[in-house]
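So the chains spell out like this:
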Amino acid sequence: MSNTESSVSEQHKIRLEKLQQLREMEANPYPHSFDVSHNSQYILDHPELIKEDEQELEEVERVSVAGRIMTRRIMGKSTFFNLQDSKGEIQVYIRRDDVGKENYNKVFKKLTDIGDIVGIKGYVFKTGTGETTVYAEEFKLLSKTLRPIPIPKEVETEDGETKTYDAFTDKEQRYRQRYLDLVVNPEVRDVFQQRTSMVQAMRNFMNDKGYMEVETPILQPIYGGASAEPFVTHHNALDMKLYLRIANELYLKRLIVGGYDGVYEFSKDFRNEGLSRFHNPEFTQVELYVAYKDYNWMMDFVEKMVEHVAKALHGSTTVQVGDQEIDFKRPWPRIPMFEAIEEETGKDLYGKDLSELKEAAEELNIELEDSFGKGKIIDEIFGEYVEPNLIQPTFITDYPIEMSPLAKKHREKEGLVERFECICNGKEIANAFSELNDPVDQRERFEEQARLRADGDEEAMTLDEDFLQALEYGMPPTAGLGIGIDRLAMIMTDSESIRDVLFFPQMKPEK
RNA sequence: GAGUCGGUAGCUCAGCUGGCAGAGCAACGCCCUUUUAAGGCGUGGGUCGUGGGUUCGAUCCCCACCCGACUCACCA
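All residue numbers refer to positions counted from 1 along the written sequence of the respective chain. Chain letters and ligand numbers both follow the written order, the letters beginning at A and the numbers at 1. Per-residue local features of the predicted model are confined to residues with pLDDT of at least 70, and side-chain atom pairs are confined, for both listing and counting, to 80 or more; whole-chain, interface and lining totals are unaffected and use all residues. Excluding hydrogens and water, the side-chain values take into account all heavy atoms of the structure.

**Quick look at the pattern of salt bridges**
- One side-chain nitrogen of Lys or Arg within 4 Å of one carboxyl oxygen of Asp or Glu is enough to make a salt bridge. Here the structure, examined in full by the defined rule, presents 35 salt bridges.
- Of the charged contacts in the structure, one is a salt bridge between Arg95 and Asp98, with a shortest N-O distance of 2.8 Å.
- Throughout, exposure labels follow a simple rule: accessible area from a 1.4 Å probe, protein chains only, divided by the maximum for the residue type, with under 20% read as buried, over 50% as exposed, and the rest as partly exposed. Classification of Arg95 by relative accessible area gives partly exposed; the value is 31%.
- The partner of Glu172 in a salt bridge is Arg176, with the nearest N and O atoms 3.0 Å apart. Remark: Arg176 and Glu172 occur in helix H5 (residues 171-176); sequence separation between them is four residues, near one turn of the helix.
- Residue classification places Glu172 among the partly exposed positions, given a relative accessible area of 39%. Comment: elements are numbered from the N terminus, with helices defined as DSSP H or I runs of at least four residues and strands as E runs of at least two.

**Observations concerning the domain arrangement of chain A**
- In this document the domain limits rely on a domain assignment from an automatic tool or a database. On domain assignment, one finds that chain A holds domain 1 (3-143), domain 2 (153-184) and domain 3 (187-333 + 392-501).
- Measuring from the centre of the C-alpha atoms in domain 1 to the corresponding centre in domain 2 gives 22 Å.

**Some points on the environment of Leu313**
- Tracing the chain through its elements places Leu313 in helix H9 (residues 295-314).
- Given the relative accessible area of 17%, Leu313 is considered buried.
- Along the chain, Leu313 and Met492 lie 179 residues apart, while their C-alpha atoms are 7.8 Å from each other.
- Contacts: residue pairs with any heavy atoms within 4.5 Å of one another. With residues near it in sequence (within four places) discarded, Leu313 still touches Gln194, Ser197, Met198 and Met492.

**Regarding the side chain of Thr394**
- In this structure, Thr394 sits in strand E17 (residues 394-400).
- By the criterion applied in these results, polar contacts are pairs of N or O atoms within 3.5 Å in which, for protein atoms, one can donate a hydrogen and the other can accept it, and in which residues neighboring in sequence qualify only through two side-chain atoms. In this structure the side chain of Thr394 is engaged in a polar contact, spanning 2.8 Å, whose partner is the backbone oxygen of Gln392.
- Those residues in contact with Thr394, other than ones at most four positions away along the chain, are Pro333, Ile335, Glu421, Cys422 and Ile423.

**Description of the packing of aromatic side chains**
- Two rings from Phe, Tyr or Trp (for Trp, the six-membered ring) form a pair when their centres sit within 6.5 Å of each other. Planes less than 30 degrees apart are called stacked, planes more than 60 degrees apart edge-to-face, and all others tilted. Under the counting rule described, the total for this entry stands at 20 aromatic pairs.
- Judged by centre distance (5.5 Å) and plane angle (35 degrees), the ring pair of Phe81 and Phe108 falls under tilted. Here Phe81 is found in strand E2 (residues 78-85), whereas its partner Phe108 is found in helix H4 (residues 101-110), with 27 residues between them in sequence. Like Phe81, the residue Phe108 is buried in the burial classification.
- Aromatic side chains Tyr211 and Phe301 sit 6.1 Å apart centroid to centroid with 50 degrees between the ring planes, which places their arrangement in the tilted category.

**Some points on the protein's contact with RNA strand B**
- For this purpose, a residue is taken to be near a molecule or strand whenever a single non-hydrogen atom of the residue falls within 4 Å of it. For RNA strand B, the set of nearby residues contains 58 residues, the closest of which are Asp97, Thr129, His279, Lys376 and Arg487.
- Arg95 is positioned such that a nitrogen or oxygen atom in its side chain is 2.7 Å from a base oxygen of RNA strand B.
- Here Arg499 contributes a side-chain N or O atom positioned 3.3 Å from a phosphate oxygen of RNA strand B.
- Taken together, the elements giving at least two residues each to the surface near RNA strand B come down to helix H1 (10-24), strand E1 (63-75), E2, strand E3 (88-95), strand E6 (153-156), H5 and helix H12 (374-385).
- The biggest single contributor to the surface near RNA strand B is H5, with five residues.
- Under this grouping Gly is polar, as are all residues other than the nonpolar Ala, Val, Leu, Ile, Met, Phe, Trp, Tyr, Cys and Pro and the charged Asp, Glu, Lys and Arg. Looking at the surface near RNA strand B residue by residue, the classes come out as 18 nonpolar, 13 polar and 27 charged.

Laid out in structure tokens, this is it:
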């Protein structure tokens, strides 16, 4: 929307005029700073700040608060309004005779609007109805808003419930103008606070173990580490094609070759695929690689870390997600993939060849494409019959080798690799292997991927010669892990859509 | 990509069978010094998502398109 005369709303025009008037009376509508001494939450939590009736004014501690005017009740020469800061809301009482006639009548009453950001200095008292309130001795406009903010009204009903009127609910508007969503919907601020707490809990957990947080390239000449369609870009000076990473696995493993015992990275990854309530083109994963460990050790680690996260966020191992209660208390069940499939479908697919798998898939009404190999067919059956039923956190272990070109062969079971996924609420939240460190085997796996690509599988991995070279210099036995941060955040915050845990989800432009 | 539903004032929403565009809050003017959806009296505010069509006349009916939500299919 442009600010041309014809397109601004009536209310916008009125505020532009108010801004002009403020400038003419030399009341700066955008001053440079304001000393804030207290926040709303602190004041409400500290009743000793409240002025007692018998107390002299000089003895009372002064507070200065700042924030946005949310509601206003003007009663002539005095006014109550609610001020919202980063921690919550507090009521302010302001009187003409305390803050000055011009300041009150003109600047505050005439030229200040709901939504404007103001600073207040004064003391804390309790009103006749018992509400802790800041009594304003000084009032200062800190930022004049030009657009009306869609502030909802709240009222407490007789049975003590809070009823909200005119809530800002339009999802499209909320996603496009997240800043307004955050101003107006406190539960949205909570969700993002929890997301940040979750990441911090994980970071602390890994730091406590002595693992090192690192940064690896986002722009990669060869994309790898996952099966996905990449975004492509171009470097002008080098005149070369570059890809936005779809994963950072191969770089972190190079660092394990380099001698670190444990490295991890919270990484934005990019996949050029469809959008849905579980998929955003850019999303966050944490990947962790630990030397001298295997996937059994990693299962223990994941259980401990996620249990720790649940406790850090909710003070308990249980989390309410929709109408399900999910309990992250360890240990979690560990079920080999083929056993899980047999349990749900009655079919034992272990050791079956391609034509037998195709037959089984048809009996199970799975639609197949010609390019599907053994791994893909098994994955389809698993995704259809098993995954959606796994609500409580569960490790599915020992995947077919065809699905996992970077995982080490199983030490006992032919045709399988030492890989697990953690499924929770019907979705994968973690994926891990005993990492393949045999450079000869790894080269063969890449070559197999090349054959799959030639047969039409566009997501098959590309051979990364430099990575192979790194393995040829020797990588210790290593356990590797990836956890989908957005997915885990959805579970931990009981959010139905990935858009609700991303500040700025991908949207089409409005026009 | 397919299906369903939606887009009307700053916000939340009505709008009948096609006949001058409505409400509450917000805004504007006046009154009001312990209110809390404060209150009282009064006033203004609209590209009805966009573009066509039918019609004397379209927010309403028809066609196309844009944007979104949800469901389904592929990827985490």
